[in-house]
Amino acid sequence: MLNLLISVSVPLSMSSPIVVGISSTDLNVSWIPPSRDQARGAIIQYTLYQFLQSLDPFAPPESTQLIYAGPGYVTNFIVTNLEPYSSHEFAVEACNSVGCVTSARGSGNTLPDAPENQEAPSADGYNVTSIRASWLPPTIQNGPLASYNLQRMEASLNSPPPVVEMGSRFSGGGYYKFTGSLIPTSAYTGIELEFRIGRPTPYSQPVSALLLFAVSRDEQAEYIVIQLRDGRPWFLFDPQGGAVGVTPTNDGGRVYDDNTWHHLKVTRDGARGYITVDQIYTGTALSSTSSTIIGISDSVFIGGLPNDFNIIRTDTGDTEVVKSSLVGCIKNIQIEQQHVPTEVWQALDWSDAIETYQVVPTWEGCPTNLDTGVHFLGGGKIIKL
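Sequence positions are assigned chain by chain, starting from 1 and proceeding in written order. Side-chain atom pairs in this predicted model are given and counted only at pLDDT of 80 or more, local residue features only at pLDDT of at least 70, and totals for whole chains, interfaces and linings cover all residues. Side-chain calculation: all heavy atoms of the structure are included, whereas hydrogens and water are not.

A word on the side chain of Thr289. Helix and strand labels come from DSSP, where a helix needs a run of H or I of at least four residues and a strand needs a run of E of at least two; each type is numbered from the N terminus. Counting through the fold element by element, Thr289 comes out in the loop between β21 (281-286) and β22 (299-302). Whether two residues are in contact is decided by their heavy atoms: any pair within 4.5 Å suffices. Other than its neighbours up to four places away in sequence, Thr289 contacts Pro239, Gln240, Gly241, Gly242 and Ala271.

Here is the structure:
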């Protein structure tokens, strides 16, 4: 009888694991057992390690984590709960009764998944027949560079479409913010505009709304304001130390919140201010201060003020600022840039605004045929409580 004695020693080598994505969160990691001459004995255990990258600048850039240890007859392991379309590296260790050997690394990717957190597109009027739509990529790609499909939806309850005319519409609570340089530093001020404001119902109280507001920095010592108070237009200004309010005095006290367009022009020559409505009704008032120049404002707001804007002035009566936002339309704003030797006026460019909030894009115009009810812009809903 022939007896063979087989020597067992530490394994010589182990091939790299094979990593295959089976879903967007799972990988199948498998390995081929070493050949008999490389195993140098029966393999009794396989151990699987995953290499992890660290984002901590004070920690080692890479660490090793034991994720599986099992008997020598098992040659694969499913790694779960991974990020979609992510890359991972593994190494497998083969052990016999004497020792172990570790393979080189093997790597693979999980499968792609649908992108996440895609924000809604923004749309701006390009011309009278076109709209420019733009959007940002999804914040979580979950795969290769995404392709995009842009869908157009008809606005709910939008038939027949509203009749509109030129102008900028304010639906309440919104504003345009411009730099303070919009109104030049000068002893003269000139602002011209048209407005249309209506009451919610014929029996409602006269409307009070802020049309334009500009105030100096810090102590707010100087200001220029155009507003409607109880349905009547007012021009407020303060060259510093003498606030005054001007309203027409020859119109019999009529109100102008009648849902028709009115032309308004306000001017200031030093300490005296003037107001003209519809080129007929006029008023004037003189400030008590000897100062004549109003410096650059911190900002110029049209249609309202931010909720957190703090008016520290303590004006009362005719010079108190109305804080209610505008619900209505404004158009054809002109601002005087030079008074002498000749007047130079410049039209306001709404696109120069440095900030907007809850305002309707100017290209949409001002509806003329809106009825009482709830306005749906498309894609919205009402929740009944």
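Having seen the structure, we can now continue with the description.
The pairing criterion for strands is at least two bridges between them, as found by DSSP. Strand order in the open sheet formed by 3 strands is β1-β2-β5, with antiparallel pairing between adjacent strands. Only two strands of the sheet have a single partner each, and these edge strands are β1 (18-21) and β5 (76-79). Direction aside, the axes of adjacent strands within the sheet are offset by 20° on average. Bridge count between β1 and strand β2 (residues 27-30): 4 bridges; the pairing is antiparallel. Counted as the bridge partner of Val19 is Val29 from β2. Only the contacting stretch of a helix is used when fitting its axis, a line to C-alpha atoms as for every element, and angles between N-to-C directions run 0 to 180 degrees.

A word on the environment of Ser288. Considering the arrangement of structural elements, one finds Ser288 in the loop between β21 and β22. Burial classes follow relative accessibility: with a 1.4 Å probe on protein chains only, a residue under 20% of its type's maximum area counts as buried, one over 50% as exposed, and anything between as partly exposed. On the basis of relative accessible area, Ser288 is assigned to the exposed category, the value being 70%. Taking the C-alpha atoms as reference points, Ser288 and Asp352, separated by 64 residues in sequence, lie 35 Å from one another.

Further remarks concern the pattern of salt bridges. Each reported salt bridge corresponds to a side-chain nitrogen of Lys or Arg within 4 Å of a carboxyl oxygen of Asp or Glu. Summed over the entire model, instances satisfying the criterion amount to 11 salt bridges. A salt bridge links Lys177 to Glu355, with the nearest nitrogen and oxygen atoms 4.0 Å apart. Taken together, the residues span a long stretch of sequence, with Lys177 in strand β13 (residues 175-179) and Glu355 in strand β25 (residues 355-357) at a distance of 178 residues. Notably, a salt bridge pairs Arg313 with Asp315, separated by 2.7 Å at the nearest N-O pair. Salt bridges sharing partners connect three or more residues here, namely Glu62, Glu89 and Arg105.

Moving on to the pairing of β22. Every second residue of β22 is oriented toward a common face, with Ser299 and Phe301 on one face and Val300 and Ile302 on the other, all of them buried. Looking at chain direction, β13 and β22 are connected through 4 bridges and run antiparallel. Within β22, the position partnered with Thr179 by the bridge is Ser299. In the sheet, strand β15 (residues 209-215) pairs with β22 via 4 bridges, with the strands oriented antiparallel.

Okay, the layout of surface pockets next. Using a grid of 1 Å spacing that covers the protein atoms alone, one calls a set of points a cavity when a 1.4 Å probe fits there but cannot get out, and a pocket when the set is open and has protein on both sides within 12 Å along at least five of seven lines; lining residues are those with an atom within 4 Å of a point. Grid points are joined across faces, edges and corners, and a volume is the space filled by probe spheres set on the points. Here the second largest pocket defines a volume of roughly 280 Å³. Every residue lining the second largest pocket is listed: Asp124, Gly125, Tyr176, Trp350, Ser351, Thr356, Gln358, Val359, Pro361, Thr362 and Trp363. The residue makeup of the lining of the second largest pocket, split by class, is 5 nonpolar, 5 polar and 1 charged. For this classification, Asp, Glu, Lys and Arg are treated as charged, while Ala, Val, Leu, Ile, Met, Phe, Trp, Tyr, Cys and Pro are nonpolar and the rest, including Gly, are polar.

Time to look at the sheet that holds β22. Read from one edge of the open sheet, 7 strands run β18-β17-β16-β15-β22-β13-β25, paired in antiparallel fashion. Of all strands in the sheet, those with a lone pairing partner are β18 (244-246) and β25, marking the two edges. Here the strands of the sheet are splayed against their neighbours by 15° on average, with no regard to which way each runs. Inspection of the sheet shows strand β16 (residues 223-229) paired to strand β17 (residues 232-238) by 7 bridges, in the antiparallel sense. The residue of β17 that forms the bridge with Arg229 is Arg232.

With an omega of 0°, the peptide bond between Val340 and Pro341 qualifies as cis. Secondary-structure assignment places Pro341 in the loop between β23 (327-338) and β24 (344-347). If you check the backbone angles, Asp230 has positive phi at about 55° while not being a glycine. Position of Asp230 among the secondary structure elements: in the loop between β16 and β17. For Asp230, a relative accessible area of 47% translates into the label partly exposed.

In this section: a nonpolar patch on the surface. Patches in this entry comprise residues that are over 30% relatively accessible and not in a salt bridge; like charges within 9 Å are linked, as are nonpolar side chains (Val, Leu, Ile, Met, Phe, Trp, Tyr) within 5 Å. Note that accessible areas follow from Shrake-Rupley with a 1.4 Å probe, and for residues the cover is restricted to the protein chains shown. Taken together, Ile18, Val20, Ile22, Ile32 and Ile78 make up a surface patch of nonpolar side chains, about 410 Å² in accessible area. By the secondary structure assignment, Val20 is in strand β1. Owing to a relative accessible area of 40%, Val20 belongs among the partly exposed residues under this scheme.

Between rings of Phe, Tyr and Trp, where Trp is taken as its six-membered ring, a pair exists when centres lie within 6.5 Å; planes separated by under 30 degrees are stacked, by over 60 edge-to-face, and by other angles tilted. Within this structure, the stated rule accounts for 15 aromatic pairs. With 5.6 Å between their ring centres and 55° between their planes, Trp31 and Tyr46 make a pair best called tilted. In this pair, Trp31 sits in the loop between β2 and α1 (36-39) while Tyr46 sits in strand β3 (residues 45-53), placing the two residues 15 residues apart along the sequence. There is no split in this pair, since Trp31 and Tyr46 are both buried. Here the aromatic cluster, defined as three or more aromatic residues joined through ring pairs, consists of Tyr175, Phe213, Phe301, Phe309 and Tyr357. For a ring to carry a charge above it, either NZ of a lysine or CZ of an arginine must fall within 6 Å of the ring centroid while also lying within 35 degrees of the normal to the ring plane. Sitting over the face of the ring of Trp234, Arg229 holds its NZ or CZ atom 4.6 Å from the ring centroid.

Here we take up the state of the cysteines. In what follows, a disulfide is any cysteine sulfur pair within 2.5 Å. Under the defined criterion, the tally for this structure stands at 2 disulfides. Paired through a disulfide, Cys95 and Cys100 show a sulfur-sulfur distance of 2.0 Å. Here the S-S torsion is close to 110°, and the disulfide linking Cys95 with Cys100 is therefore right-handed. Of the residues examined, Cys95 reaches a relative accessible area of 6% and is grouped as buried.

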